[in-house]
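Structure at a glance
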Amino acid sequence: MNKIIKNFIAVLFLLVMTKSLFSQNTNKKFNVIFILADDLGWSDLGLYGSDLHETSNLDRFASENLRFTNAYTAASISSPVRASLMTGKHPARLNMTTWHEDAGPPEPNTQHKLLPPKTKGNLSLEEFSIGEVFKQAGYFTAHVGKWHLGGTVYYPEAHGFDVNIGGTKWGMPYSYWHPFGGWREVDNEYRYVPDLVDMDSDNEGTYLTDRLTDKALKVIESKKEEPFYLQMNYYTPHVPLDGKPEYVEYYQDKAEPDLHHKNPDYAAMIANLDENVGRILHKVEEEGISDQTVIIFYSDNGGLGKPRTNIEQNYPLRSGKGSLYEGGVRVPLMIKWPGLTKPGSVCDDVPVTSTDFYPTFLDLFGFEGNKKYNKNLDGISIAPVLKDPSNNLEREALYWHHPHYYPGRKGPVSAMRDGKWKLLHYFEDNKIELYNLKKDIEEQNNLADSHKKIANRLYQKLTKWRERVNAQLPSLNPDFIPEKWHIREEL
């Protein structure tokens, strides 16, 4: 009897200690550094399969922490994804389905069969953003780099950030070189990246990605004694493709005609991105806060891809930015969560997406947020796969909605992924495409005709989801001239 009691007490003690450890790891005020690349393709990093790019810092970070191979974004272009990250809501629910400069009422034209809906270009101040969640919890909140979620009254400061360095309404810099501004003829406006001039030194020859990192390092150094949320949004490797000359020369010598990645300017920009992520990782170690800092690296959508550029930066995935094929929405993701993620782990089978970060922070940090607002989140907590990548998530499916035209792409489209199945619905010709991603990651074999029951079932789910989030649909274009219409083939 005594032995039974002793064993019971031992088990009880183990359970209490385990619960205590979990509580400590999940409720402690960890710092968070969220690093977001811009237009970085799924296979642009060495560990993700690039045959040209060298990314030693990111490869090492991925190999030492948790890497996802089925990470997605909620859209295939910048502003909608950034809105989903900030709110935990799907872009279709927010009516932010195109980039900021493209939003608003549709432009009259005669070439498109359909007109996109009128959309929002500004992230509503009624949304309870992730910046507000962290600020409410007593964090110092800093945004550094690209914002692209609205005009001045919608800047980061209005969404819960104590500091905004470089965030504006624009989606791309005029130049990656100091002074980072100039007159952009195509838009008839002067573009700039503010708050980056160092008054105490010579700014000549300063590179944008380096300078943004300088600012981020100062945030880490000055706020290391208090919890902070740092949103480090790089512009790299978004166009203009303008790498440092020494890196460009190196990749010019290395590039071979038979490689999938062969653009030395693009490779140079990724090399510099990797270098600067390495600087942030080193700073965290140097300041002695590694064990209390969550670090996430992610991209806002797939790489630009063909035919917009002459590089296959998303191989083996089909298409790229602006498309709902895998090349437009599947991206690299790696996470370090001290006490939770296992070094060297890989999540190969479970899809996650950009709306999931918001509810994950609420869940694991025990943040209250806004209880009424939280009931309308579209994302789910990915805590189960952070703890064990072999776990599943209780999610019905992933959905995308892009009721717009984008250069080099087919046209307005919605899509969904349910397990291994991926379905796309094109609005112009009402065409359905169905792919088995387990067997056909390149999306080359359309199974819609041979698997009609599956296609019909998924299409019904997609239709109901669009109704549920009140997704706005394209409409017939009254100015359309049929002779100018043709079905676009998307690479």
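Residues numbered from 1 in each chain as written. Predicted model: local features only at pLDDT ≥ 70, side-chain atom pairs only at ≥ 80, totals over all residues. Heavy atoms only, no water.

The next subject is unusual backbone geometry. With an omega of 15°, the peptide bond between His178 and Pro179 qualifies as cis. Of note, the amide linkage connecting Tyr315 to Pro316 takes the cis form, showing an omega dihedral of 10°. Inspection of the secondary structure puts Pro316 in the loop between β9 (293-299) and α9 (326-329). (Helix = DSSP H or I, 4+ residues; strand = E, 2+ residues; numbered from the N terminus.)

Moving on, we get to the sheet that holds strand β12 (residues 398-402). Judged by pairing direction, the sheet is antiparallel, and its four strands sit side by side in the order β12-β13-β14-β15 without closing on themselves. Strand pairing shows two members of the sheet lacking a second neighbour, β12 and β15 (431-436), which therefore form its edges. The mean inter-strand angle of the sheet, taken between neighbouring strand axes irrespective of direction, is 10°. Relative to strand β13 (residues 413-418), β12 runs antiparallel, the two being bridged by five bridges. Within the sheet, the bridge partner assigned to Tyr399 lies in β13 and is Met416. (Pairing = 2+ DSSP bridges. Axes fitted to C-alpha atoms, helices over the stretch in contact; angles between N-to-C directions.)

Now for the packing of aromatic side chains. Summed over all chains, the structure comprises 30 aromatic pairs. Ring geometry for Tyr298 and Phe357: centres 5.1 Å apart, planes at 70°, overall edge-to-face. Here Tyr298 is found in strand β9, whereas its partner Phe357 is found in helix α10 (residues 357-365), with 59 residues between them in sequence. Taking 6.5 Å as the distance between ring centres and 50° as the angle between the ring planes, the aromatic pair formed by Tyr325 and Tyr426 counts as tilted. Linking Tyr325 in the loop between β9 and α9 with Tyr426 in strand β14 (residues 421-426), this pair joins segments that are 101 residues apart in sequence. Accessibility assignment for this pair places Tyr325 and Tyr426 in one class, buried. What links up through ring pairs into an aromatic cluster is the set Phe30, Phe134, Tyr139, Trp147, Phe161, Tyr229, Trp337, Phe361, Phe365 and Phe367. Seen from the ring of Tyr325, Arg318 lies directly overhead, with NZ or CZ sitting 3.9 Å from the centre. (Phe/Tyr/Trp six-rings, centres within 6.5 Å; stacked < 30°, edge-to-face > 60°. Buried < 20%, exposed > 50% of the residue type's maximum accessible area, 1.4 Å probe, protein only. Lys NZ or Arg CZ within 6 Å of the ring centre and 35° of its normal.)

All right, on to the packing of helix α7 (residues 245-254) against helix α8 (residues 264-286) then. If you want to describe how two helices pack, look at the angle between their axes and the distance between the axes. Viewed as axis vectors pointing N to C, α7 and α8 meet at an angle of 125°, and their least axial separation amounts to 8 Å. Considering the angle they form, α7 stands oblique to α8. Crossing hand, α7 versus α8: right-handed. Within the contact between the two elements, α7 uses Tyr247, Val248, Tyr251 and Gln252 and α8 uses Pro264, Asp265, Ala267, Ala268, Ala271, Asn272 and Glu275. Its residues assigned to classes, the contact of α7 with α8 shows seven nonpolar, two polar and two charged. (Parallel < 35°, antiparallel > 145°, perpendicular 65-115°, else oblique. Left-handed = near helix turned anticlockwise from the far one by under 90°. Contact = heavy atoms within 4.5 Å. Nonpolar A, V, L, I, M, F, W, Y, C, P; charged D, E, K, R; others polar.)

Bringing the confidence of the model for the chain into the picture now. On average, residues of the chain carry a pLDDT of 92, and 92% of them reach 70 or more. The low-confidence segment residues 3-26, where pLDDT is below 50, has 10 contacts with residues more than four positions distant or belonging to other chains. (pLDDT = per-residue confidence, 0-100.)

As for its position among the elements, Asp44 is in the loop between β1 (31-37) and α2 (56-64). Lys262 provides the closest opposite charge to the buried, salt-bridge-free Asp44, at an N-O distance of 12 Å. A polar contact of 2.6 Å, which involves the side chain of Asp44, links it to the backbone nitrogen of Gly41. A polar atom in the side chain of Asp44 sits 3.0 Å from the side chain of His261. Every residue in contact with Asp44, bar those within four places of it in the chain, is listed here: Asp39, Ser50, His53, Thr55, His261, Tyr266, Ile270 and Gln313. (Lys, Arg positive; Asp, Glu negative; His and termini not counted. Salt bridge = Lys/Arg side-chain N within 4 Å of Asp/Glu carboxyl O. Polar contact = N/O pair within 3.5 Å; in protein donor to acceptor, adjacent residues only side chain to side chain.)

By size, the foremost hydrophobic cluster in this structure holds 51 residues, and its most contacted members are Phe68, Trp337, Phe361 and Phe365. Secondary structure elements with two or more residues in this core: β1, β2 (66-72), α3 (78-87), α5 (130-136), β9, β10 (330-336), α10 and α12 (383-387). With six residues, the single largest contributor to this core is α10. Discounting chain neighbours no more than four positions away, the residues touching Phe361 are Val32, Phe34, Ile130, Phe134, Ile296, Trp337, Gly366 and Phe367. (Core = buried A, V, L, I, M, F, W, Y, C linked by side-chain atoms within 4.5 Å.)

Taken together, the eight strands give an open sheet; going across it, the order is β5-β4-β8-β1-β9-β10-β2-β11, and neighbouring strands pair in mixed fashion. Edge positions in the open sheet fall to β5 (163-165) and β11 (345-347), since each of these has one partner strand only. Looking at each pair of strands side by side, their axes are set apart by 15° on average, direction ignored. Inspection of the sheet shows strand β4 (residues 140-145) paired to β5 by three bridges, in the parallel sense. In the strand pairing of β5, His143 is matched with Asn164. Each of β1, β8 (228-233) and β9 touches α3; the most contacted strand, β1, lies at about 170° to it. Its contacts with the sheet place helix α6 (residues 208-222) against β1, β4, β5 and β8, and it is angled at close to 175° to β8.

A separate point is a nonpolar patch on the surface. On the surface, a cluster of nonpolar side chains totalling about 340 Å² of accessible area is made up of Trp183, Tyr190 and Tyr192. With respect to the secondary-structure elements, Tyr192 resides in the loop between β7 (189-191) and α6. (Patch = residues over 30% accessible without salt bridge, like charges linked within 9 Å, V, L, I, M, F, W, Y side chains within 5 Å. Areas by Shrake-Rupley, 256 points an atom, 1.4 Å probe, with all protein chains shown as cover.)

This part covers α6. Taking 1.5 Å as the rise per residue, α6 with 15 residues should run 21 Å; its terminal C-alpha atoms sit 22 Å apart, in good agreement. With 11 of 15 residues buried, α6 is to be regarded as a mostly interior element. The secondary structure elements touched by the buried residues of α6 are β1, β4, β5, β8 and α8. (Expected span 1.5 Å × (residues − 1).)

To continue, consider the environment of Arg318. Along the chain, Arg318 falls in the loop between β9 and α9. Looking at Arg318, the relative accessible area reads 12%, which means it is buried. Residues Arg318 and Glu442, 124 residues apart in the sequence, show an inter-C-alpha distance of 5.4 Å. Among the polar contacts listed, one links the side chain of Arg318 to the side chain of Tyr435, at a separation of 3.3 Å. Only 2.8 Å separates the side chain of Arg318 from the backbone oxygen of Glu443, close enough to count as a polar contact.

What follows concerns the pattern of salt bridges. Counted according to the given criterion, the structure contains 31 salt bridges. With a closest N to O distance of 3.0 Å, Asp39 and Lys321 form a salt bridge. One end of the pair, Asp39, is in the loop between β1 and α2; the other, Lys321, is in the loop between β9 and α9, with 282 residues separating them in the sequence. Residue Asp39 is classed as buried on the basis of its relative accessible area, which comes to 4%.

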